[in-house]
Amino acid sequence: MGKQTKKPRYIACIDMRSFYASCSAVERGLDPMEACIAIVGNQERKGSVVLAASPQMKQRFGVRTGTRLYEIPDHPDILLIEPRMQFYLEISMAITELFAQYVPKEDIHVYSVDESFIDLTGIIHLYGTPEKAAIDMQDSIMSQFGLPSAVGIGPNMLLAKLALDLEGKKKGLAHWTMKDVPRKLWPVSPLSKMWGIGSQMERNLNNMGIFTIGDLARADVKRLEDRFGIMGHQLHQHARGIDYSELGSLLIEGQKSFGKGQILYRDYETREDILTIVLEMCEDVAMRTREARMAGRTIHLGMSYSKTSFGGGFSRSRSIEEATNDTLKIYGVCKELFREFYTGQPVRQISLSLTNLEDETSMQLSLFEADKWQRRRLGAAMDAIKRKHGPTAIYRGVSGTEAGTAIDRTKLIGGHKK
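Residues numbered from 1 in each chain as written. Predicted model: local features only at pLDDT ≥ 70, side-chain atom pairs only at ≥ 80, totals over all residues. Heavy atoms only, no water.

One water molecule sets the probe size; rolling that probe over the atoms shows where empty space is left. The final tally for this structure, using the stated rule, is one cavity of 30 Å³ or more. Approximately 70 Å³ is the volume attributed to the largest cavity. Surrounding the largest cavity, I14, M16, S92, I95, T96, F99, V110, S112, V113, D114, E115 and S116 form its lining. Looking at the lining of the largest cavity, the elements that each hand over two or more residues are β1 (11-16), α3 (85-99), β5 (108-112) and β6 (115-119). Per element, the largest residue contribution to the lining of the largest cavity is four residues, and it comes from α3. (1 Å grid on protein atoms, 1.4 Å probe; cavity = no way out; pocket = protein on both sides within 12 Å on 5 of 7 lines; lining within 4 Å. Points joined across faces, edges and corners; volume = space filled by probe spheres on them. Helix = DSSP H or I, 4+ residues; strand = E, 2+ residues; numbered from the N terminus.)

Okay, structure coming up:
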């Protein structure tokens, strides 16, 4: 019996270009690629940030996600629109239903509101090439919804996403094979341009003398494993375009984390007010970690200072001996980092994450530490009340102060008004 050749896979990553701004443009009968639109959450606050910007808004005025309202020029061509997340979600779900007309639903993985992975392998015989299948989908999205899209195609999820991010978003469609990896992927620098490598990992790799994806691909895998564990092996594989994950699974299991980032409504100037936000964020991160039955050993806290103080900030991590999902334990580490690295300037953005995760059963709930067990039960009880009655059914007292934002943010979907 002859050796069977493995059937090639064709995974597409489809991105709706400037999705929120494009939806708002189409709703008003405007061309998404020509209209100058900025989606701004609260136009009564001059410090509000742009949540999305159309391509022309970026190109003509340099306005993009994160730009402040007061930085937007006064120009008659500019249209400021308030976000409607429920409307965007409805369009996103309708587009997913469109994909289901092409492939079975198990071949669709919704990655985010505006991006999905689709396994085209089963329909290649109808089109001849994956490019033709993808173009047909793009044409259908345009004809039914009036929305522009970009596509990356690859033999796995990783290369499909990289083809989209590094080439498809500029050209509209890009198809990468394993043969393209040395020519198209290895020259990429800085490392954070690659999906799955964040700024912290980039710094760690730079300290090892690794500055391009090619450097990472040629690095000694044992050295990477000694430094990063299984994640080091996965990074080395990914730098070579190798990805064995199934559609919808986590691409880098070791990189899984629970985190939260928040751009504040105003400059926070006092230590007490800043720590109020940090505690609220610890509560959110800890709750999601507990719900996943996980615990983490490494806490990361980052703060960006206001532009009125000429920017700057800090980003620091600290690992603890025993993994935790306890709100106050995480908050305690954050307070330590804050005391050590905060330099007194007004804060406008805060990020928090819990990484180096493991199953929560690894936590040592000793019989001699009754307080720890009581805190775990208290956390679980609060989580259960929130799940049943809503996020404002029970909350820490600091959230009811003027500095707190957790209650107001429950009125949003994904940071946008419902």
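That shown, we press on.
Time to look at the pattern of salt bridges. One pass over the full model with this rule turns up 18 salt bridges. Among the ionic pairs, E27 bridges to R84, the shortest N-O distance being 2.7 Å. With E27 in helix α1 (residues 19-27) and R84 in the loop between β4 (78-81) and α3, this pair connects stretches of sequence that are 57 residues apart. E97 is the partner of K105 in a salt bridge, and the nearest nitrogen-oxygen pair spans 3.4 Å. Note on K105: relative accessible area 54%, which makes it exposed. Taking the relative accessible area as the measure of exposure, E97 reaches 43% and is therefore partly exposed. What emerges from the salt-bridge pattern is a single network uniting E115, K161, D165 and K169. (Salt bridge = Lys/Arg side-chain N within 4 Å of Asp/Glu carboxyl O. Buried < 20%, exposed > 50% of the residue type's maximum accessible area, 1.4 Å probe, protein only.)

As a further point, take the nonpolar core. Among the nonpolar cores identified, the biggest contains 35 residues, and I14, F19 and F99 are the most heavily contacted of them. Sorting elements by how many residues they give to this core places α3 first, with seven residues. Setting aside its immediate chain neighbours within four residues, F99 contacts I14, M16, I108, S116, I118, M137 and I141. Counting residues in each nonpolar core, the second largest holds 33 residues, with L164, V188, I210 and A219 among its members. (Core = buried A, V, L, I, M, F, W, Y, C linked by side-chain atoms within 4.5 Å. Contact = heavy atoms within 4.5 Å.)

We now examine the sheet that holds strand β11 (residues 313-324). The four strands lie next to each other as β9-β12-β10-β11, forming an open sheet whose pairing is antiparallel. The outermost strands of the open sheet, each flanked by one partner alone, are β9 (258-268) and β11. Along the sheet, successive strands turn relative to each other by an average axial angle of 15°, direction set aside. Examined bridge by bridge, strand β10 (residues 294-305) and β11 share eight bridges and lie antiparallel to one another. Bridging across to β11, I299 finds its partner in R318. Contacting β10, β11 and β12 (347-359), helix α13 (residues 327-341) runs over the sheet at an angle of about 145° to β11. (Pairing = 2+ DSSP bridges. Axes fitted to C-alpha atoms, helices over the stretch in contact; angles between N-to-C directions.)

Remark: α3 packs on helix α5 (residues 130-145), axes separated minimally by 11 Å, with the N-to-C direction vectors making an angle of 135°. Classified by the angle between their axes, α3 and α5 sit oblique to one another. Along this stretch, α3 crosses α5, giving a crossing that reads as right-handed. For the pair α3 and α5, contact is made by I91, A94, I95, L98 and F99 and by M137, S140, I141, Q144 and F145, respectively. (Parallel < 35°, antiparallel > 145°, perpendicular 65-115°, else oblique. Left-handed = near helix turned anticlockwise from the far one by under 90°.)

Moving on to unusual backbone geometry. In this structure, the amide linkage connecting S189 to the following residue, P190, adopts the cis form with an omega of 0°. Its place among the elements puts P190 in the loop between α7 (181-185) and α8 (199-207). Its identity as a non-glycine residue notwithstanding, S18 has a phi of 45°, on the positive side. Tracing the chain through its elements places S18 in the loop between β1 and α1. You can call S18 buried: its relative accessible area is 19%.

So, about the packing of aromatic side chains. Across all of its chains, the model carries eight aromatic pairs by this definition. With 5.9 Å between their ring centres and 55° between their planes, F19 and Y20 make a pair best called tilted. When its relative accessible area of 18% is taken as the criterion, Y20 is described as buried. Taken together, a centroid distance of 5.8 Å and an interplanar angle of 50° make the contact between F87 and Y88 tilted. (Phe/Tyr/Trp six-rings, centres within 6.5 Å; stacked < 30°, edge-to-face > 60°.)

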